[in-house]
Amino acid sequence: MPVFTPHTTDTAPAAARPTMEGVRRKLGQLPAAVGLLAESPELLKGFLTVNGIFESCALDPVEREVVVLTVATRNECHLCVAMHTATLTRHGAAPELIAALRAGTPLPDDRLEALRRFTLAVLDERGAVPEEDLTAFLAAGYLPRHALDVVLGVGTYTISTFANRLTRAPLDPHLAPYSWEPAA
């Protein structure tokens, strides 16, 4: 028996309903994960709020997706990998870039690879990034502000990946073409 209820706007806690309606209006549908996360209105609203802030940071859309997919593959969130593969596809990202991100292998673009490696260093070192890793990131043309934006993205998508894994959030049907499983 499932522990987490896949809520609708009719069954969700009252505090989650306005947030769910906002998601439905924005996306035209209510993702299954949103219904599951609605069990905690604060988590749902908190993730969506911090995600909106991350979306406005100084990293460009593809750079943000590099951070997200690096976190998602590291944390083995099949839903986030599928969802953000679809996002990168909509942004017109090169298939080689998407494949490398999904596989966790070096990226074909040196600047984006520096971003991926820095994101991994933030994750692996829990923020205490070695000086040489920070220097390499900055040498790739990023600014100190971007380093902090990576931390924002890591925090944002730690919430999402952990919550989706805990609730065993399923893929919505439109994401099936982007399904992903971690390497064995």
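Whatever comes next refers back to the structure up there.
Residues numbered from 1 in each chain as written. Predicted model: local features only at pLDDT ≥ 70, side-chain atom pairs only at ≥ 80, totals over all residues. Heavy atoms only, no water.

A look at the packing of aromatic side chains
- According to the stated counting rule, one finds 4 aromatic pairs in the structure shown.
- With centroids separated by 5.6 Å and ring planes inclined at 85 degrees, the aromatic side chains of Phe47 and Tyr157 adopt a geometry described as edge-to-face. With Phe47 in helix H3 (residues 41–55) and Tyr157 in helix H9 (residues 144–167), the pair connects residues that are 110 residues apart, well separated along the chain. Each member of the pair Phe47 and Tyr157 is classed as buried.
- Centroid distance Phe118 to Phe137: 4.1 Å. Interplanar angle 20 degrees. Geometry classified as stacked. Taken as a pair, Phe118 in helix H7 (residues 110–124) and Phe137 in helix H8 (residues 131–139) lie far apart in primary sequence, 19 residues in all. (Phe/Tyr/Trp six-rings, centres within 6.5 Å; stacked < 30°, edge-to-face > 60°. Helix = DSSP H or I, 4+ residues; strand = E, 2+ residues; numbered from the N terminus. Buried < 20%, exposed > 50% of the residue type's maximum accessible area, 1.4 Å probe, protein only.)

Focus on the packing of helix H4 (residues 61–74) against helix H5 (residues 78–90)
- Orientation of H4 relative to H5, taken along the N-to-C sense of each, is 160 degrees, at an axis distance of 9 Å. Taken as axis vectors, H4 and H5 run roughly antiparallel relative to one another. Here the hand of the crossing between H4 and H5 comes out left-handed. Facing H4, whose interface residues are Val62, Glu65, Val68, Leu69, Ala72 and Thr73, H5 presents Cys80, Val81, His84, Thr85, Thr87 and Leu88.
- Class assignment for the residues of the contact of H4 with H5 results in 7 nonpolar, 4 polar and 1 charged. (Axes fitted to C-alpha atoms, helices over the stretch in contact; angles between N-to-C directions. Parallel < 35°, antiparallel > 145°, perpendicular 65-115°, else oblique. Left-handed = near helix turned anticlockwise from the far one by under 90°. Contact = heavy atoms within 4.5 Å. Nonpolar A, V, L, I, M, F, W, Y, C, P; charged D, E, K, R; others polar.)

Digging into unusual backbone geometry
- In this model, Glu76 sits at a positive phi of 55 degrees, which is unusual for a non-glycine residue.
- In this fold, Glu76 is placed in the loop between H4 and H5.
- Phi at Arg126 takes a positive value of approximately 50 degrees, unusual for a residue other than glycine.
- Mapping Arg126 onto the fold places it in the loop between H7 and H8.

What to know about a negative patch on the surface
- Together, Glu125, Glu131, Glu132 and Asp133 make up a region of like negative charge exposed at the surface.
- When you line up the elements, Glu132 lands in helix H8.
- Look at Glu132 and you get exposed, because its relative accessible area is 57%. (Patch = residues over 30% accessible without salt bridge, like charges linked within 9 Å, V, L, I, M, F, W, Y side chains within 5 Å. Areas by Shrake-Rupley, 256 points an atom, 1.4 Å probe, with all protein chains shown as cover. Salt bridge = Lys/Arg side-chain N within 4 Å of Asp/Glu carboxyl O. Lys, Arg positive; Asp, Glu negative; His and termini not counted. Charge placed at Lys NZ, Arg CZ, Asp CG, Glu CD.)

A closer look at the environment of Val50
- In this structure, Val50 sits in helix H3.
- Measuring from C-alpha to C-alpha, the distance between Val50 and Leu36 comes to 18 Å, with 14 residues separating the pair along the chain.

Side note on the pattern of salt bridges
- Evaluated as defined, the whole model comprises 6 salt bridges.
- Across the pair Glu21 and Arg24 runs a salt bridge, and its minimum N-O distance is 3.7 Å. With Glu21 and Arg24 both in helix H1 (residues 17–27) and 3 residues apart, the pair spans about one turn of that helix.
- The closest approach of N and O atoms between Arg116 and Glu113, which form a salt bridge, is 2.8 Å.

Points about the side chain of Glu113
- Its place among the elements puts Glu113 in helix H7.
- Judged by relative accessible area, Glu113 falls into the buried class, the value being 10%.
- Excluding residues that lie within four positions of it along the chain, Glu113 makes contacts with Thr105, Pro106 and Leu107.

Re the packing of H5 against H9
- Where H5 meets H9, the axes come as close as 8 Å, and the angle between the chain directions of the two elements is 125 degrees. For the element pair H5 / H9, the angle class is oblique. Contacts between H5 and H9 involve Leu79, Cys80 and His84 from the former and Tyr157, Ser160, Thr161 and Asn164 from the latter.

Brief notes about the environment of Val151
- Looking at the element boundaries, Val151 is found in helix H9.
- On the accessibility criterion, Val151 (41% relative accessible area) is partly exposed.
- Taking the C-alpha atoms as reference, Val151 lies 29 Å from Arg25; in sequence the two are 126 residues apart.

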